[in-house]
Amino acid sequence: MAPGTTIDILIQGGTIHNASGSFVGDIAIRGEAIIGVGAPNAFGSAAAKTIDARGLEVIPGCIDVHVHLALPFCGTVSCDDFHHGSRAAVNGGVTTVVDFAIPARGQTLAAAHDAWMAKAQGNSLVDFTWHMAVTSDAHLREVPDMVKRGLPTFKEFMIYESEGWNSDDARLYATLELMRANNAMLLVHAESSRVLDLLIARHHTPELMRRHGAKLHPTTRPNFIEAEAIERAVHWCEKTGGRLYIVHMSTGEGADIIKTAQSRGVPVLAETCAQYLVLDDSVFNRPDGHLFACCPQVKKQEDIDRLWAALRDGREVSIVSTDTCSFTREQKAMWWNREGNFGDWTAIPMGLPGLDTLIPIVFTRGVRGGQITMNRLVELCALHPARVMGFDKKGEIAPGMDADVVLIDPKRTIEAKPRVTLQSMCDWSPYEGMKLGGFAHTTIARGNIVVQNHQVTDAQPRGRFVERRLGEFRP
Ligand code: URP
Ligand code: ZN
Ligand code: ZN
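These figures come from a predicted structure and were not determined experimentally.

Okay, the coordination of the zinc ion (ligand 3) next. Donor atoms from the polypeptide that coordinate the zinc ion (ligand 3) comprise His66 (NE2), His68 (NE2) and Asp323 (OD), at 2.0 to 2.2 Å from the metal. Of note is the zinc ion (ligand 3), whose four donor atoms meet at the metal with angles of 84 to 140° in an arrangement that counts as irregular. Between the donor residues of the zinc ion (ligand 3), the gaps in sequence give the motif H-x1-H-x254-D. Between the zinc ion (ligand 3) and the zinc ion (ligand 2), the interatomic distance is 3.8 Å. Pair noted here: His66 is in the loop between strand 6 (62-64) and strand 7 (72-73) and Asp323 is in the loop between strand 15 (319-321) and helix 12 (329-332), with a separation of 257 residues, a long-range link. Looking at Asp323, the relative accessible area reads 9%, which means it is buried.

Spelled out as structure tokens, the structure:
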């Protein structure tokens, strides 16, 4: 940094954590970029604004690579839009979100991209982009154009026939071939649809629904439903050489399959989500257990343990995300069949709120819990998301990077209270009542101070669409 350079924000004396290491120092920001990172007082003290970060942890803004904001799904629309979703994001230290542009029936990928842009632009405190969902063979022709527009990640679902979203093996195979040819990556929701449909049909009787309620959700989705589908997707990945990324992996079996495939050199990566690291399916025993229906559903303690082992010691899970898809209590009540006086679990809007709590959960259970270091937290929630999804100016605190910086008070613990300490529009939270560290003390998104002293500020929404290009990434 040349002497005399004007500094807009100077963050002084914090413990700066990158994935590669930690040190106490200062960060200089000008406009939307980090222009200097150095020892304490390396940049003097002349700045338009100084932030005293002594005693605070300073990390790169995190990237949630899996969110669904204002998604039309299950006969309703997820309640967190880009305005509320981005408030929740910054509250939890997330400064970039990656949504999924899912075409309406008959819509092109180009039109879906425009539709998502209309939802996000001018409404978001954080930067944004999306994975393009391929839901018809016609979409395959648009892949090269999408990659040229900075959208190199695509999504296919192995389930959700009723939404018109599902892909069969032929489309998975053909898409993976295209991924290889276009330097792109296919994200897959892996659940085995035919066997799942059979198990659902067997249990879908008024008598069983009356007796078991929402517990039929986990009953009809045993672990092999996810494991078989991951195995099949990995098989097509291996045969085509097209890059594959398994989203929201929830099972220990899945982690084992990914590990084995990676050891054979198969280009497959996987993410898990915060809910699969803290919740097990005993939540369905609660009177309001139906609220927790998400897809895939939360599993058993042994799955939680296996996923944490992967984060602690392994490379088979590269990223932690949230799969935020929030539905209010009223929306979740769509499952209730008043005439029959019972709930039909197949009618519950599936998904959980989570943007507020990604970093708090990974920090509290992971770092405070002694499972991972701050550097690994940064790797899983900032650096890997940036490298895997192709953001070249994010994921690290270094000169030239976007000024996405988060300060966390390691001593502070906050109770998760919907619409009080959480910014999501959702009137309930799966983590309600949990005492969590890791909420943002300060969040700076592209040089915009959007959280100060644990309060979301009235800053203008300056989040932008970010073009991406995939580089090399090895787990
Ligand atoms: O329950 C979930 N995950 N809802 C969002 C759609 C999906 O499958 O990711
Ligand atoms: Zn999914
Ligand atoms: Zn999802």
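Turning to the pairing of strand 22 (residues 448-452), a few remarks are in order. Across the five residues of strand 22, four count as buried, placing the element largely inside the fold. Linking strand 21 (residues 440-445) back to strand 22 in an antiparallel pair, the connection comprises two residues, with Arg446 at a positive phi of about 55°. Two strands pair when backbone bridges link them, and strand 22 and strand 23 (residues 455-456) are joined in this way by two bridges, in the antiparallel orientation. Within strand 23, the residue paired with Val451 across the bridge is Val456. The antiparallel hairpin formed by strand 22 and strand 23 contains two residues in its connecting segment, where Asn453 sits at a positive phi of about 45°.

On inspection of all chains with the given rule, the structure shows twelve aromatic pairs. An aromatic cluster is built from Phe73, Phe157, Tyr160 and Trp165, whose rings are joined through pairwise contacts. Just above the ring of Trp116 sits the side chain of Lys119; from NZ or CZ to the centre is 3.6 Å. The ring of Phe391 carries the charged tip of Arg468 above its face, separated from the ring centre by 5.7 Å.

Turning our eyes to something else, we now look at the site of ligand 1. Ligand 1 sits among His66, His68, Phe73, Tyr160, His189, His248, Cys294, Cys295, Asp323, Cys325, Met350 and Gly351. Here an oxygen atom of ligand 1 sits 2.8 Å away from a polar atom, N or O, in the main chain of Cys295. Here an oxygen atom of ligand 1 and a backbone polar atom of Gly351 are 3.4 Å apart. Expressed as a share of its isolated accessible area of 270 Å², the protein-covered part of ligand 1 is 99%. For the shell around ligand 1, the class distribution of residues is six nonpolar, five polar and one charged.

Moving on, we get to the nonpolar core. Counting residues in hydrophobic clusters, the biggest one holds 148 residues, and the most contacted among them are Val97, Trp130, Phe154, Tyr245 and Ile246. In terms of residue count, the dominant contributor to this core is helix 14 (residues 374-389) (nine residues). Residues Ile34, Val58, Ile397 and Ile444 belong to the second largest nonpolar core, which totals 18 residues.

Turning our eyes to something else, we now look at the coordination of the zinc ion (ligand 2). At this site the zinc ion (ligand 2) is bound by His189 (ND1) and His248 (NE2), with donor distances of 2.1 Å. Every donor counted, the four donor atoms about the zinc ion (ligand 2) form angles of 55 to 148° at the centre, which fits irregular coordination.

Leaving glycine aside, a negative phi is the common case for residues, and trans is the common case for peptide bonds. Residues Cys295 and Pro296 are joined by a peptide bond in cis, for which omega reads 0°. You can see Pro296 is positioned in the loop between helix 10 (275-278) and helix 11 (301-313). In this structure, His248 is a non-glycine residue whose phi angle is positive, near 30°. Among the structural elements, His248 can be located in the loop between strand 13 (243-246) and helix 9 (252-263). His248 gets classed as buried once you look at its relative accessible area, which sits at 2%.

Attention now goes to the packing of helix 8 (residues 223-240) against helix 9. Each pair of packed helices can be described by the angle between their axes along with the distance between the axes. Packing of helix 8 against helix 9 leaves a shortest axis separation of 9 Å and a crossing angle of 20°. When the interaxial angle is binned, helix 8 and helix 9 end up roughly parallel. Crossing angle aside, the handedness with which helix 8 passes helix 9 is right-handed. Contacts between helix 8 and helix 9 involve Asn223, Ala227, Ile230, Glu231 and Val234 on the former and, on the latter, Glu253, Gly254, Ile257, Ile258 and Ala261. Its residues assigned to classes, the contact of helix 8 with helix 9 comprises six nonpolar, two polar and two charged.

The end-to-end C-alpha distance of helix 2 (residues 109-120), which contains twelve residues, comes to 16 Å, matching closely the 16 Å that a straight helix rising 1.5 Å per residue would cover. Buried residues of helix 2: Leu109, Ala110, Ala112, His113, Trp116, Met117 and Ala120, and no others. Seen along its axis, helix 2 keeps its buried residues to an arc of 160°; they face one direction. In this structure, the buried side of helix 2 is in contact with helix 1 (82-91), strand 9 (94-101), strand 10 (127-133), helix 3 (143-148) and strand 11 (153-157).

About the cut-offs
- Residues numbered from 1 in each chain as written.
- Chains lettered and ligands numbered in written order.
- Predicted model: local features only at pLDDT ≥ 70, side-chain atom pairs only at ≥ 80, totals over all residues.
- Heavy atoms only, no water.
- Donors = N, O, S within 2.8 Å, 3.2 Å for Na, K, Ca; no water.
- Tetrahedral: all angles 85-135°; square planar, octahedral: opposite > 155°, others 65-115°.
- Helix = DSSP H or I, 4+ residues; strand = E, 2+ residues; numbered from the N terminus.
- Buried < 20%, exposed > 50% of the residue type's maximum accessible area, 1.4 Å probe, protein only.
- Pairing = 2+ DSSP bridges.
- Phe/Tyr/Trp six-rings, centres within 6.5 Å; stacked < 30°, edge-to-face > 60°.
- Lys NZ or Arg CZ within 6 Å of the ring centre and 35° of its normal.
- Near = heavy atom within 4 Å.
- Polar contact = N/O pair within 3.5 Å; in protein donor to acceptor, adjacent residues only side chain to side chain.
- Areas by Shrake-Rupley, 256 points an atom, 1.4 Å probe, with all protein chains shown as cover.
- Nonpolar A, V, L, I, M, F, W, Y, C, P; charged D, E, K, R; others polar.
- Core = buried A, V, L, I, M, F, W, Y, C linked by side-chain atoms within 4.5 Å.
- Axes fitted to C-alpha atoms, helices over the stretch in contact; angles between N-to-C directions.
- Parallel < 35°, antiparallel > 145°, perpendicular 65-115°, else oblique.
- Left-handed = near helix turned anticlockwise from the far one by under 90°.
- Contact = heavy atoms within 4.5 Å.
- Expected span 1.5 Å × (residues − 1).
- Arc of directions from axis to C-beta.

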